[in-house]
Amino acid sequence: MFSVAYTILFLVMSQISFMFTPVVDLTPASLAQQHRAAHHIQYDNPVEGDSCSATAVGPHTLLTAGHCLMASSKIKIDGTNASVVNMIFDDADHMFVVTDATFPVYLHINQNALDSIGAAQVHMWGNPGRSTDVYRIGSFLKWSTIGDAKLAIFVLPIFAGDSGSGLIDDTGDIIGVISVGNNDANAGILPLQFTDAQLAQIK
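The structure contained in this document is the topic of the report that follows. (Residues numbered from 1 in each chain as written. Predicted model: local features only at pLDDT ≥ 70, side-chain atom pairs only at ≥ 80, totals over all residues. Heavy atoms only, no water.)

**Details of the sheet that holds strand E3 (residues 61–65)**
Now for step 1: Read once around its circumference, the closed barrel built from 6 strands follows the order E1-E2-E3-E6-E5-E4, with strand pairing classed as antiparallel. Strand-to-strand twist of the sheet, defined as the mean angle between neighbouring strand axes without regard to direction, takes the value 45°.
Now for step 2: Strand direction decides the pairing type here: strand E1 (residues 38–43) and strand E4 (residues 74–77), joined by 3 bridges, are antiparallel. Considered in E4, the bridge of Ile41 is made with Ile77. (Pairing = 2+ DSSP bridges. Helix = DSSP H or I, 4+ residues; strand = E, 2+ residues; numbered from the N terminus. Axes fitted to C-alpha atoms, helices over the stretch in contact; angles between N-to-C directions.)

**Concerning unusual backbone geometry**
Now for step 1: Residue Asp78 is not a glycine yet carries a positive backbone phi of 55°.
Now for step 2: The backbone phi angle of Asp133 is positive, close to 55°, even though this residue is not glycine.
Now for step 3: Position of Asp133 relative to the elements: it lies in the loop between strand E7 (121–126) and strand E8 (134–146).

**Comments concerning the environment of Cys68**
Now for step 1: Position of Cys68 among the secondary structure elements: in the loop between E3 and E4.
Now for step 2: Considered as a pair, Cys68 and Cys52 are 16 residues apart in the sequence and their alpha carbons are 6.1 Å apart.
Now for step 3: Excluding anything up to four places from it in sequence, Cys68 contacts Tyr43, Cys52, Ser163 and Gly164. (Contact = heavy atoms within 4.5 Å.)

**Focus: the packing of aromatic side chains**
Now for step 1: In total, this model carries 4 aromatic pairs according to the counting rule given.
Now for step 2: Taken together, a centroid distance of 5.2 Å and an interplanar angle of 45° make the contact between Trp125 and Tyr135 tilted. Note that Trp125 is positioned in strand E7 and Tyr135 in strand E8, a separation of 10 residues in sequence.
Now for step 3: Note on Trp125: relative accessible area 6%, which makes it buried.
Now for step 4: Taken together, a centroid distance of 5.6 Å and an interplanar angle of 75° make the contact between Phe140 and Phe154 edge-to-face. Of this pair, Phe140 sits in strand E8 while Phe154 sits in strand E9 (residues 149–155), and the two are 14 residues apart along the sequence.
Now for step 5: A network of ring pairs unites the aromatic residues Phe140, Trp143 and Phe154 as a single cluster.
Now for step 6: For Lys150, the ring lying beneath its charged end belongs to Trp143, and the centroid distance is 4.2 Å. (Phe/Tyr/Trp six-rings, centres within 6.5 Å; stacked < 30°, edge-to-face > 60°. Buried < 20%, exposed > 50% of the residue type's maximum accessible area, 1.4 Å probe, protein only. Lys NZ or Arg CZ within 6 Å of the ring centre and 35° of its normal.)

Next up, the structure:
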């Protein structure tokens, strides 16, 4: 698996409150649909800070960052114990986690959307610090590199715990996953690189 050096911003979140207005429209691009597909994942016996974000991409499958979970048969999803059936990694810090949990709402993956992202806005739900279900909106800034890999930089404030959050375009498709942060509070997105055979393993 491609090795990347990750810089995650750690900020004290306990004194910061986040507010959002729920949206009741359930069209494909709606915030409510995105919110219902977003999840909080932890090891079965998490230590403080041992937390990531994920998005349902199938009835039993989550998409998250590859560095979020090591080999483990048990995790917590939104505080509820679940068993890991399979972990499927691409070559760019992304993974599918197939579980015994059921997700009634899940989103479509568009691996090619970053190539033509332009000035479109993007959306994400994450779990920064000690907060959960925090909505943010951002926009594409520029292309960069990390090692030999392309990296899309977005103007989007991220914090510890946001790793693995799905980056969602206005059509409601997942176009990337939060992997990298920098000291300007921008988000770095490595293009998704799952093979057709791996995509077919989404359950």
